[in-house]
Every structure is written in structure tokens, then in C-alpha cells.
Amino acid sequence: MTQRIAVLLGGLSAEREVSLVSGKACADALRRKGWDVVEIDPTRQLGQQLTEASPDVVFNALHGEWGEDGKVQGILEHYGAPYTHSGVLASALAMDKQRAKAVLEVFGATCPEGKLVDRFEAAKEHVYEPPYVLKPNAQGSSVGVFIVPEGSNRPPVELAAKDWSFSDVMLAEKFIPGRELTVAVMGDKALGVTEIIPQTRFYDYEAKYAAGGSVHEIPARIPAAIADEAKRLALIAHEAMGCRGLTRSDFRYNERDTNPLWLLEINTQPGMTPTSLAPEQAAWNGIEFDDLVQWMAEDATCPR
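Now for a description of the structure that goes with this document. Note that the coordinates shown come from a computational prediction; the quantities given were computed from them, not determined experimentally.

1. Here's the deal with the pairing of strand β12 (residues 246–253)
The element β12 is largely enclosed, with a buried count of eight among its eight residues. Neither face of β12 is exposed, since Leu246, Arg248, Asp250 and Arg252 on one face and Thr247, Ser249, Phe251 and Tyr253 on the opposite face are all buried. In this structure, strand β8 (residues 179–186) lies alongside β12, joined through eight bridges in antiparallel fashion. Following the sheet pairing, Leu181 is matched in β12 by Phe251.

2. Observations concerning the pairing of strand β7 (residues 169–174)
Within a regular strand, the side chains alternate between the two sheet faces. The pairing of strand β4 (residues 114–118) with β7 spans five bridges and is classified as antiparallel. When the sheet's bridge partners are listed, Gly114 is paired in β7 with Glu173. Where strand β5 (residues 132–136) lies against β7, five bridges are found, and the strand directions are antiparallel. Counted as the bridge partner of Leu134 is Ala172 from β7.

3. Points about helix α2 (residues 46–53)
Taken together, the buried positions of α2 are Leu46, Gln49, Leu50 and Ala53. Mapping the buried residues of α2 onto a view down its axis gives an arc of 100°, with all of them on the same face. Among the exposed residues of α2, those oriented more than 90 degrees off its buried face are Thr51 and Glu52. On its buried face, α2 sits against β1 (4–8), β2 (36–40), β3 (57–60) and α3 (71–79). Once α2 ends, the next one or two residues include Ser54, with phi positive near 50°.

4. Let's talk about the pattern of salt bridges
Counted under the stated rule, the structure contains 22 salt bridges. The closest approach of N and O atoms between Glu39 and Arg31, which form a salt bridge, is 3.0 Å. On the basis of relative accessible area, Glu39 is assigned to the partly exposed category, the value being 34%. Across the pair Lys71 and Asp69 runs a salt bridge whose closest N-O atoms are separated by 3.6 Å. In this structure Lys71 comes out as partly exposed when scored by relative accessible area, which is 35%. Bridged by salt links that share partners, the residues Lys24, Asp28, Arg31 and Glu39 form one connected network.

5. A word on the sheet that holds strand β6 (residues 146–148)
The sheet built from four strands is open, its strands ordered β4-β7-β5-β6 with antiparallel pairing. Strands with a single pairing partner mark the edges of an open sheet, and in this sheet they are β4 and β6. Averaged over all neighbouring strand pairs, the angle between strand axes comes to 25°, with direction disregarded.

6. Some thoughts on the environment of Val169
By the secondary structure assignment, Val169 is in strand β7. Along the primary structure Val169 and Arg4 are separated by 165 residues, whereas in three dimensions their C-alpha atoms are 39 Å apart. Beyond its immediate chain neighbours, meaning those up to four positions away, Val169 contacts Leu116, Val117, Pro136 and Asn137.

7. A closer look at the nonpolar core
In this structure, Leu181, Val193, Ile222, Phe251 and Leu261 are the most contacted members of the largest nonpolar core, which totals 26 residues. For this core, the secondary-structure elements that each account for two or more residues are α4 (88–95), α5 (97–106), β8, α8 (224–240), β12 and β13 (261–267). At six residues, the largest contribution of residues to this core is made by α8. Excluding residues that lie within four positions of it along the chain, Leu181 makes contacts with Val193, Thr194, Glu195, Ala220, Ile222, Ser249, Asp250, Phe251, Tyr253 and Leu261. Among the nonpolar cores identified, the runner-up in size contains 23 residues, and Val57, Ala184, Leu191 and Leu246 belong to it.

8. So, the packing of aromatic side chains
This model, assessed by the stated rule, comprises three aromatic pairs. Between Phe146 and Trp164, the ring centres sit 6.0 Å apart and the planes meet at 25°, which makes this aromatic pair stacked. Taken together, the residues span a long stretch of sequence, with Phe146 in strand β6 and Trp164 in the loop between β6 and β7 at a distance of 18 residues. Judged by relative accessible area, which is 17%, Phe146 ranks as buried. With a centroid separation of 5.1 Å and an interplanar angle of 85°, the aromatic rings of Trp164 and Phe166 are classed as edge-to-face. Grouped by ring-pair contacts, the aromatic residues Phe146, Trp164 and Phe166 constitute a single cluster. The side chain of Lys115 reaches across the aromatic face of Tyr128, ending 4.6 Å from its centre.

Conventions used here
Numbering of residues begins from 1 in every chain and follows the order in which that chain's sequence is written. With pLDDT at 70 or above as the cut-off, local features in this predicted model cover only qualifying residues; side-chain atom pairs require 80 or more to be listed or tallied, and sums for whole chains, interfaces and linings still use all residues. With hydrogens and water set aside, each side-chain value is computed from the structure's full complement of heavy atoms. Think of it in three bands: with a 1.4 Å probe and only protein chains considered, a residue is buried below 20% of the maximum accessible area for its type, exposed above 50%, and partly exposed in between. A run of H or I in DSSP becomes a helix once it reaches four residues, and a run of E becomes a strand once it reaches two; helices and strands are each numbered from the N terminus. Note on pairing: two strands pair once DSSP finds at least 2 bridges between them. It is the directions from the helix axis to the C-beta atoms that the arc portrays. Any two residues having at least one pair of non-hydrogen atoms within 4.5 Å are treated as being in contact. Salt bridges are counted wherever a side-chain nitrogen of Lys or Arg sits within 4 Å of a carboxyl oxygen of Asp or Glu. Note on definitions: angles span 0 to 180 degrees between N-to-C directions of axes, and those axes are lines fitted to C-alpha atoms, for helices only across the stretch in contact. Residues belong to one nonpolar core when they are buried, are Ala, Val, Leu, Ile, Met, Phe, Trp, Tyr or Cys, and are joined through side-chain atoms within 4.5 Å. Stacked, edge-to-face and tilted are the three classes for Phe, Tyr and Trp ring pairs, Trp counted by its six-membered ring, which pair at centre distances within 6.5 Å; planes under 30 degrees apart are stacked, over 60 edge-to-face, the rest tilted. For a lysine, the NZ atom is tested; for an arginine, the CZ atom; a charge sits over a ring if that atom is within 6 Å of the ring centre and within 35 degrees of the ring normal.

In C-alpha cells, the structure reads:
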């Protein structure tokens, strides 16, 4: 019997455009696998939208606020159909970057020093001696991120702009120099280590999603011991936060540092676009995109 699956895509967050691409790719893959697919662009009446669509399974391809921060997951728990990715608690905790780091450090990860600051205060004066990073505490896809370089005379005054559309709560972190690494976890397996080489000034929104924005090198050309440790920490992060399905953990590797591997954050709903990292790592393991999406759908449960 063909099962009906609702793919949630688009949504209300600043990452809407990325979600539309991710969701369309996943919906097409599910159709090729024989599912009866209905695409839902969620509004604040998502419960009603789900009732009208009456799916057997829900594939959550949303990103950002109202997608991967526990809010939609609460609605999905209430609706009661099996759904993909992490549940309410893991999603909310991972989206709160500062609190997530507190948990990850308990389990042995080294994370950048950071503190929460009001965006207006961060626009007035340096919150750390440069270099440092400022980013919304509860956003993804590198939206609203500033790297304040060494020698900078002023903080990012853009934070005080009236048209600022992200959170007023910013996470300030000491800048960690080095190479960008990422590890996807699928269920109970770390898939590999990719080095991300941005072709822009840093791994920002453009580098993540624009064609040619970054080079992904898998496997990363790093010592085997560092690769093993990155995979170990990614799996620990996945389990410690209570995540389910597919996640991706991001690292900085500074070979000159006493502690060379820094865990930056864990993403509970990695991108599923043509340039996304988790599908690339799955493919490197011999798992084609359609099969990865099929696995995610079959892994769906409720409660999560």
C-alpha cells in the first residue's frame, strides 16, 4: 500500500529559500521511491494544514526558526504521525547555540568561549578584543553572522539597523582560526569528515548555497587521529543532545593549538540541497541521495 508523506518546506524563517530547495529535492526523491507526496508550506495553522493533507508520515525539510527549534516538532508530536529528524527537546536545545555548547562541553568537547549579548550593545562597542564572531544565538545557515577581524576599529554597526530581521540576542565568541571541518551522523554512524574551503571571505550563506561558493574535500586531508576524533565527537554530540535521524556537526581544526579540534555546533536538520554536505558524505559512503531520503522517511517515528 502506498503511504502518503507530507514534506514540510519553505516556512516562516530567514532560511525559507534554502528550505524550499531542500524540500523540493526530498519530495522529488520520495516520489521516485513510490511515495504519495504532498508538499506543505507551513503557516502558523500547520495543525490544520496537516489535518487537511492527512499524511501517514511527515518529512520535515524546514530550516531555522519555526522549523528546527522545537516549535514545529511540538505540533508534529500533537498531530501524532511519524516524523523525521530530531524531537522537541533536542531540536530546541541544539538551536540555542550557547546552551548546546554547555551540554557538549560536559561530554568532553572543546567549544569556543562565548557569551550572549544584546545586538544594540554589540553595535556600540567591542564585546571582545578582536578577532571575534557575532551571530544570532538561534539561527542557522550562517545568516546574520559577522566576523570582526583583528585590528577592527569598530563593531558591526549593522546590528543596530531598524530593518534587522534576526534575533536581538547575539552570541559573541572568540574567533578560532584554522580549517573548517564537518561530520554528518546518520542514525548511529558518523559518515566521514569533509573539509570546507570557502571561496568567499568565510563559510557564510553564499559559500554554503551558491554554486562555486565553497570547495568540499572528502575525505579531509588531515591526520587520521584528528579525523577519528572528529567522528567520535560528532557521534557523542548526536547522542548527548538526544538527536535522531541525520545531523551534522561543525568543527574548527587548528593544528597549531594545544587543543586542535573545536566543536562549533550541531545541526539537527542539515541542508538537503545539491551543494549540501550531509548528502555528499552519504554518497561517499555509497548511499545515493534517493536512498538517503528514503532511509530518513523510514526512520520517522512519533514520539521522537
